[in-house]
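A closer look at the structure
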Amino acid sequence: MRIRYVRRVLLILCFLVVSFIGMLFFPTRAIVVLQNDAIIYAFPESEGTFALKWVHSVEKEKWIEKFRVNNCQIFLQSTKFKTFGAGVPAITEQVIKQKNGWLVVDLHREIGSELVVRATEINHYKFIFKGKYYPMAASDAPYVIKTERVPFFAL
């Protein structure tokens, strides 16, 4: 009777270990930041939103754009900046609101299945996910942001 109990416990433990290892390698959909096809960052797509922060190359002011992912498509939700200037449209269809010293434009613009970012030394790009900042170092190679299936352990 005791041997039967020990076998049952060992069988359950083996099942749990195999299940855990399988989950680590089971692919899950994620928002990924790639460079030269290598994953730099990966985040659960279920969270669905991220932002980019950078310094405008002409205005030398910070910009933040918020994005949403839906069915593998990226949508620009909003953009906020400090001043109007070169490259910033003075007239827009959307209402421009002022919030805490920022000019904010709420949008719903489809970007597509991927967003390409070229980070330079003067822009100081940062990827923002759940309030945490992830640097995007200046590089000749562009960053590509999209969704794809990655092993769970890559998150």
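Residues numbered from 1 in each chain as written. Predicted model: local features only at pLDDT ≥ 70, side-chain atom pairs only at ≥ 80, totals over all residues. Heavy atoms only, no water.

Brief notes about the nonpolar core
- Ranked by internal contacts, the top residues of the largest apolar core, which has 25 residues, are Phe-50, Leu-52, Leu-115, Val-117, Phe-127, Met-136 and Ile-145.
- If sequence neighbours within four positions are ignored, Phe-50 has contacts with Ile-31, Glu-65, Lys-66, Phe-67, Val-69, Ile-74, Leu-115, Phe-127, Ile-128, Phe-129 and Ile-145. (Core = buried A, V, L, I, M, F, W, Y, C linked by side-chain atoms within 4.5 Å. Buried < 20%, exposed > 50% of the residue type's maximum accessible area, 1.4 Å probe, protein only. Contact = heavy atoms within 4.5 Å.)

Side note on the pattern of salt bridges
- Evaluation of the coordinates by the stated rule reveals three salt bridges.
- Two residues, Glu-45 and Arg-29, come together in a salt bridge whose shortest N-O distance is 3.9 Å. With Glu-45 in the loop between β2 (38-44) and β3 (49-55) and Arg-29 in strand β1 (residues 27-35), this pair connects stretches of sequence that are 16 residues apart.
- Look at Arg-29 and you get partly exposed, because its relative accessible area is 27%.
- With its nearest N and O atoms 2.4 Å apart, the salt bridge here joins Asp-106 to Lys-97.
- Taking the relative accessible area as the measure of exposure, Asp-106 reaches 37% and is therefore partly exposed. (Salt bridge = Lys/Arg side-chain N within 4 Å of Asp/Glu carboxyl O. Helix = DSSP H or I, 4+ residues; strand = E, 2+ residues; numbered from the N terminus.)

Examining the pairing of strand β4 (residues 62-70)
- With seven bridges joining them, β3 and β4 adopt antiparallel strand pairing. Opposite Thr-49, over in β4, you have Arg-68 as the bridge partner.
- Between the end of β3 and the start of β4, which pair antiparallel, lie six residues, with Lys-60 showing a positive phi angle near 60°.
- Pairing analysis gives eight bridges linking β4 to strand β5 (residues 73-81), with the strands arranged antiparallel. Counted as the bridge partner of Asn-70 is Gln-73 from β5.
- Between the antiparallel neighbours β4 and β5 lie two residues, among them Asn-71 with a positive phi of about 50°. (Pairing = 2+ DSSP bridges.)

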